[in-house]
Structures are given as C-alpha cells and as structure tokens.
Amino acid sequence: MWKHKTLTFKPNSLFHSILQTRPMSQSTSIPKKLQRVRDHGYDNYMEVEKKTRKVLKFQALILSQPSSIVSVSRLEALAQRGLGLKQLEAGRFILKFPHVFEIFEHPVQRILYCRLTRKAQLQIDQEVQALLAQVPDAVTRLRKLLMLSNTGRLPLEHVRIARKDFGLPDDFEFSVILKYPEFFRLFDAKESRSKYIEVVDRDKKLAVCAIERLREKEYREKGIDAENIRFSFIVNFPPGFKIGKYYKIAVWKWQRLPYWSPYDDISGYDLRSLEAQKRMEKRAVAMVHELVSLTVEKKITLERIAHFRLPMDLPKKLKDFLLQHQGIFYISTRGNHGKLHTVFLREAYKKGELIEPNALYLARRKLAELVLLSPRKVNVDRELVSYRRGGETEEMRNVSGAFETEENDRQDAKRGEKLQSEFDCDDDCDYTDEDDDSEEVEGAGATRALSD
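An unreviewed UniProt entry annotates the chain as PORR domain-containing protein of Rhododendron griersonianum.

In structure tokens:
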C-alpha cells in the first residue's frame, strides 16, 4: 500500500539524445494541470484523524465540566447544540471508544455519567508535557516562519489558527511572543487594526532550508554528484502515477533549474523575464516545502497555507500548483467531508508513520491508538467494578461532590425536552472546538486562493 515510484535519472548524454530525436509537438515541460492520483496510505491516515478530531471535541466538552464529569443526558444536549449531532447520536459515538470514554452509574443516584478513562487522561498529560518541553523548538519554528515572509511579519490571527500545526501553545501570544522580546515584536497595524507578529532579527544561521540539509546528507552518505542535487528535491510518486518518457525529461530539467532560497530577499531582482518567472515558481515549491517542514507532523491544510500566500509570494491557484509536483507533496481530501485539503510532505513519511518522529507527534498518536483499539479488548476489570457500596474511596467522594453541584442537571436529565430548551444558545458557545471554528473561517477566507 505504501510502495512508491522513485524517479531515477539517467546519464545526461541519454537525455540529450532523447531531446534531439523527440517530435517537436511533444513538450518537455511539466504540465500545468495534472489529475490527482490517490495514495490510500495517506487517505487512511486522514480517516483515523477524522475520528480523533471528533473524539477531541467530546473530550473538550467533558473537560469543560466541573471535575471533568458530565451526565450522559447533559452530554447529549451539549453535543446536539455545539456539534450539531442528532438525538442519541452522542451516546452511540462514545460507546464506540471505551478506551477513551468511560460510562458509569452512580451507586446512589442511578444516573449514567461519562468521564475520560485513565489511559485517555494519561495521553492528555503526556501531550501537555511534550508541548511544554518543545517550546524552545517552537520559538525557533516561529522565527523561521516569520523569516519566510517577505516583510518579516505575519498576522497574529493567521498564526493562531495554525498554532497546533507549529507546536505553539494556546497562550503563545504571552508564553512565546511577549516572553521573548529579543526575537518577536507584537504591534497593531494602523490600516487594518489587526495585530501582527514581526521578527526582530533575521538570524542567518536559521536561514537554512530543510531541503538543503537533506541534500547535504544525500551528498555525504550516497556520494551523489553535487551538480545533480544542488537544486533538486526528493521525488516519490504515488502508486499508479504514470511517468512517461517526456514527463521524466521535464522533471529532470526542472530539478536542475536554479532558484532563490525562500529566505533570500528578492526585492532587488528583475522578475519580468521568463527565466525569472520559472525560478520564482520553483522558489514557491521550496517555500511550501519549508513551510510544511516547520510543522510538527509535516502536514498542514491547504487552506492554512493560503493564509500565508501573499506574504510568501505563493501563486493563486495553490491546489493546481501543488498537483504539478505530486512526487513532493500529497493532497488528501479525506477526514473532513472534502471541505479541507491536507498537504503531506511525502519524503517525511514511510508506511504511514513519520520517519523522524518527535515527542509531541508521538503523544498525539497515542490518542489515535486508543481510538483504533477494538472495544472487545477493553479490560473486564474496569474501575466501575471496584466501587462497592460499603467502601467509598476518596475518588468516589469527589465524584459525589460533583454530583451534588450538578443537582439541577440531574433533574433536567429526567426531562429531555426541557433540557434541550435550557441549553439552547448561539453557535459561538464556549465549548465549541476552537480549531473547527477557525477552519471554517480559514476555509471561507482561503477559498478564493484555491479556486481563482
């Protein structure tokens, strides 16, 4: 499933002979429009993430309640109001993932309640610890991200929407930007009244792309000719991608085409010539490559990339542009009903796993492992079994205290219709998943960049 076609190049003399004998009607340039060839490995990855996204929404609902415990009836009402689910759909969903959600009955009140399992709570704690531990790396990623902008600044809101992709904490405005004034400056733009982040100093040591380090590694380990890999990218085409003779020549020519680094200042260059335009197109590929390389999981939605289109000199039709280079990127439409497009860096994955995983990525994958565990493998000796009427533990007393504080909720649980009317509110409730809201905003703001 994860076998890829790796494009290998023949000696230069053979390419020159093909170029001299080819028909004049055949083009040796990469076509502007190519059909997307599916790679089921990445699509299956997104199908799992689709489930974890929904699980995270329910986790946020539960954790927002006192003592992180909520009655099933209240959870149903919250899910109908905030997640748009139908009646009883929330209960059916949490029953599918017993390794994440635990449903238990209070021995006195006889009401069903839901909370997170110990495994799920440990996964959350592990992710929080990994997030805090890699804050120094997140600072470096944010500096490099700002350096990719042609002005050295980006809107705070656009960075906030993609904060999880770059491993930034939720309060990064205070814990990262304001904490490191030697690296970042936060200011309000007069013309738009929006907050912007600006890099204070462009460190030349950071102005090295991930592809440049990879080329150096290939040169040292495999002894490839420096001239052949000086401007080349790692190309791995998906299974079923048709590689013709002239397309292979076009890729060979494109690989040897020089371009400006994404970190270079190109304001002083004349970009009107055809050669300069070709270099700018390849620079855009390098720009997206570096942007995806800065993410924690080496993937990001196309809609979030579109937010950085103008500051990073990216083309308007981003989707068609990236489909020209399916050996470098893979665009998956799975995981969100086709509304969002996820861009993967192909060279960073192998057999569905990140080749060089980090602690934050591993912590997030723990949740996917809990989601994929079969309900049949749930331990029979669950925590509910240990609750005996005669010996109430300290944990159970805490649970009972939470029940007393939610007396009104238990009464509402007995009257479903009254419960729904009581919890009826606008769409911007505080329990709504913040990332999903931002995805809707970014989808609306980036649609023109994808379809122009």
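Next comes the rest of the account.
The number of helices and strands found in the chain is 19 helices and 13 strands. Per-residue burial over the chain gives 48% buried out of 452 residues. Within the chain, counting contacts between residues at least 6 apart in sequence, those at least 24 apart form 70% of the total. Surface accessibility of the chain: about 24200 Å² in total, with carbon and sulfur atoms responsible for 51%.

It is worth spelling out the packing of aromatic side chains at this point. The full count for this structure, using the stated rule, is 20 aromatic pairs. Site record: aromatic cluster; members linked through ring pairs are Tyr 42, Tyr 45, Tyr 330, Phe 344 and Tyr 349. Lying over the aromatic face of Trp 254, Lys 282 brings its terminal NZ or CZ to 4.7 Å of the ring centre.

By the element assignment, Lys 282 lies in helix H12 (residues 274–293). Under the relative-accessibility criterion, Lys 282 is labelled buried at 0%. Linking Lys 282 and Pro 262, residues 20 residues apart in sequence, is a C-alpha distance of 9.9 Å. From its side chain, Lys 282 meets the backbone oxygen of Phe 231 in a polar contact 2.7 Å long.

Bringing helix H9 (residues 210–222) into the picture now. An α-helix turns once every 3.6 residues. As a result, residues three or four positions apart point the same way. Look at H9: 18 Å from first C-alpha to last across 13 residues, which is about the 18 Å you get at 1.5 Å a residue. Burial in H9 covers these residues: Ala 210, Ile 211, Arg 215 and Glu 218. End-on, the buried residues of H9 take up no more than an arc of 135 degrees, which puts them together on one face.

Here we come to the packing of helix H2 (residues 40–63) against helix H3 (residues 72–82). Axis separation between H2 and H3 bottoms out at 11 Å; the angle between their running directions is 125 degrees. One element, H2, and the other, H3, form an angle in the oblique class. For the crossing formed where H2 meets H3, the hand is right-handed. For the pair H2 and H3, the contacting residues are Phe 58, Leu 61 and Ile 62 in the first and Leu 75, Leu 78 and Ala 79 in the second.

Moving on to helix H15 (residues 359–372). With 14 residues, H15 ought to run about 20 Å at 1.5 Å a step, and its terminal C-alpha atoms sit 20 Å apart, in line with that. All buried positions along H15 are accounted for by Leu 360, Tyr 361, Ala 363, Arg 364, Arg 365, Leu 367, Ala 368, Leu 370 and Val 371. Looking at the buried residues of H15, the elements they touch are H2, helix H5 (118–133) and strand E13 (353–354).

Another aspect to go through is the sheet that holds strand E2 (residues 70–71). Pairing is antiparallel in the open sheet, where 3 strands are placed in the order E2-E4-E3. Because the sheet does not close on itself, it has two edges, and the strands there are E2 and strand E3 (101–105). Across 5 bridges, the pairing between E3 and strand E4 (residues 112–116) is antiparallel. Within E4, the residue paired with Glu 105 across the bridge is Leu 112.

Core analysis: the largest hydrophobic core is formed by 75 residues, its most contacted members being Leu 142, Phe 184, Ile 305 and Met 312. Leaving out residues up to four positions away in the same chain, Ile 305 has contacts with Val 288, Leu 291, Val 292, Ile 300, Leu 314, Leu 318 and Val 343. In this structure, Phe 58, Leu 78, Ile 94 and Phe 101 belong to the second largest nonpolar core, which totals 23 residues.

Looking now at the side chain of Arg 364. With respect to the secondary-structure elements, Arg 364 resides in helix H15. There is a polar contact of 3.2 Å between the side chain of Arg 364 and the side chain of Glu 297. The residues touching Arg 364, leaving out its near neighbours within four places in the chain, are Gln 123, Glu 127, Lys 164, Val 296 and Glu 297.

Looking at the chain, the pLDDT average stands at 80 and 76% of residues meet or exceed 70. When the criterion is pLDDT under 50, residues 8–25 qualifies, and its contacts beyond four places in sequence or with other chains add up to 20 contacts. Predicted confidence for residues 380–441 stays below pLDDT 50, and this span has 80 contacts to residues more than four positions away or in other chains.

Conventions adopted
Residues numbered from 1 in each chain as written. Predicted model: local features only at pLDDT ≥ 70, side-chain atom pairs only at ≥ 80, totals over all residues. Heavy atoms only, no water. Helix = DSSP H or I, 4+ residues; strand = E, 2+ residues; numbered from the N terminus. Buried < 20%, exposed > 50% of the residue type's maximum accessible area, 1.4 Å probe, protein only. Contact = heavy atoms within 4.5 Å. Areas by Shrake-Rupley, 256 points an atom, 1.4 Å probe, with all protein chains shown as cover. Phe/Tyr/Trp six-rings, centres within 6.5 Å; stacked < 30°, edge-to-face > 60°. Lys NZ or Arg CZ within 6 Å of the ring centre and 35° of its normal. Polar contact = N/O pair within 3.5 Å; in protein donor to acceptor, adjacent residues only side chain to side chain. Expected span 1.5 Å × (residues − 1). Arc of directions from axis to C-beta. Axes fitted to C-alpha atoms, helices over the stretch in contact; angles between N-to-C directions. Parallel < 35°, antiparallel > 145°, perpendicular 65-115°, else oblique. Left-handed = near helix turned anticlockwise from the far one by under 90°. Pairing = 2+ DSSP bridges. Core = buried A, V, L, I, M, F, W, Y, C linked by side-chain atoms within 4.5 Å. pLDDT = per-residue confidence, 0-100.

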